[in-house]
Amino acid sequence: ANPVLRGLILEALGASLKVQLPPLSEAASTPVQVIDGLARACDLFRALDRPLTVSAAVLKRAEQHLEHASAAQLHALCAGGLWMGRPTLTYHAAGRGLALFDALAYRFLLARGQALSASRAADGEDRARACLRAARELASRARDMDAVREASAALDHLPEWAMVPAM
């Protein structure tokens, strides 16, 4: 029933089978359909361990209308953005998730830290480290050991650039 989800699935199948599909119209879809379709596609393709390619237009529409997303959809977009190699989507979805003051805010902090570490921004490592440490602490208090392990693993992979000037 969701034209965005249908389009993303058909595009992925076409790419997988190396078949050129006629262009699909997504302009008529509402922001709610874009958010829902993209979030569901992210969950589906991550569960299937299959690559998901999303057009820049769909990503831009999703990022512009994140106020229509629920906490579950924002979490799916955070994980999907990391999965697709789109840290900008993850960053924006995590920011919107943090604004919800959800009980699982540490998951959004974790996603924001992961997005910052993937983006390679000039000040990204320090900001990523702060987000990941806060996420690890809050996840520990909530006894979410999966999130603690994810935050710790992400921290372990961050380079220690502060030590370079000292050398």
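None of these values were measured; they are calculated from a predicted model. (Residues numbered from 1 in each chain as written. Predicted model: local features only at pLDDT ≥ 70, side-chain atom pairs only at ≥ 80, totals over all residues. Heavy atoms only, no water.)

Enquirer: How would you sum up helix H6 (residues 105-119)? Please name residues and give values.
Expert: If you check H6, its first and last C-alpha atoms are 21 Å apart, about what 15 residues at 1.5 Å a residue would give, namely 21 Å. Counting buried positions over the 15 residues of H6 gives 12, a clear majority of the element. Restricting attention to buried positions, one finds in H6 the residues Tyr-106, Arg-107, Phe-108, Leu-109, Leu-110, Ala-111, Arg-112, Gly-113, Gln-114, Ala-115, Leu-116 and Ser-117. Summarising the contacts, the buried residues of H6 are in contact with helix H4 (71-84), helix H5 (87-99), helix H7 (124-141) and helix H8 (145-157). (Helix = DSSP H or I, 4+ residues; strand = E, 2+ residues; numbered from the N terminus. Expected span 1.5 Å × (residues − 1). Buried < 20%, exposed > 50% of the residue type's maximum accessible area, 1.4 Å probe, protein only. Contact = heavy atoms within 4.5 Å.)

Enquirer: Describe in detail the packing of helix H1 (residues 3-17) against helix H2 (residues 31-48), supporting the description with residues and values.
Expert: Two elements in contact, H1 and H2, have axes separated by 7 Å at closest approach and are oriented at 40 degrees. With respect to H2, the axis of H1 lies oblique. Once H1 is placed against H2, the crossing between them reads as right-handed. Residues Pro-3, Val-4, Leu-5, Leu-8, Ile-9 and Ala-12 of H1 form the contact with H2, whose own contacting residues are Gln-33, Val-34, Gly-37, Leu-38, Arg-40, Ala-41, Leu-44 and Phe-45. Tallied by class, the residues present in the contact of H1 with H2 amount to 11 nonpolar, two polar and one charged. (Axes fitted to C-alpha atoms, helices over the stretch in contact; angles between N-to-C directions. Parallel < 35°, antiparallel > 145°, perpendicular 65-115°, else oblique. Left-handed = near helix turned anticlockwise from the far one by under 90°. Nonpolar A, V, L, I, M, F, W, Y, C, P; charged D, E, K, R; others polar.)

Enquirer: Just give me the short version of the layout of surface pockets, but keep the residues and values in it.
Expert: The space that makes up the largest pocket amounts to roughly 270 Å³. At the level of secondary structure, the elements contributing two or more residues to the lining of the largest pocket comprise H1 and H2. The biggest single contributor to the lining of the largest pocket is H1, with six residues. Residues of the lining of the largest pocket, tallied by class, amount to eight nonpolar, two polar and two charged. (1 Å grid on protein atoms, 1.4 Å probe; cavity = no way out; pocket = protein on both sides within 12 Å on 5 of 7 lines; lining within 4 Å. Points joined across faces, edges and corners; volume = space filled by probe spheres on them.)

Enquirer: Now, about the packing of aromatic side chains: what can you tell me, with residues and values included?
Expert: Tallying each qualifying case throughout the model produces zero aromatic pairs. The positively charged end of Arg-112 is found above the aromatic ring belonging to Tyr-91, 3.8 Å away from the centroid. (Phe/Tyr/Trp six-rings, centres within 6.5 Å; stacked < 30°, edge-to-face > 60°. Lys NZ or Arg CZ within 6 Å of the ring centre and 35° of its normal.)

Enquirer: Can you tell me about the side chain of Asp-144, naming the residues and giving the values?
Expert: Looking at where Asp-144 falls in the secondary structure, it is placed in the loop between H7 and H8. Each residue touching Asp-144, except ones within four places of it in the same chain, is listed here: Tyr-106, Arg-107 and Ala-139.

Enquirer: I'd like a rundown of unusual backbone geometry, residues and numbers included.
Expert: Working note: non-glycine residues mostly have negative phi, and peptide bonds are mostly trans. Positive phi, close to 60 degrees, is recorded for Lys-18, a residue that is not glycine. As for its placement among the helices and strands, Lys-18 is situated in the loop between H1 and H2. In this model, Phe-101 sits at a positive phi of 55 degrees, which is unusual for a non-glycine residue. Mapping Phe-101 onto the fold places it in the loop between H5 and H6.

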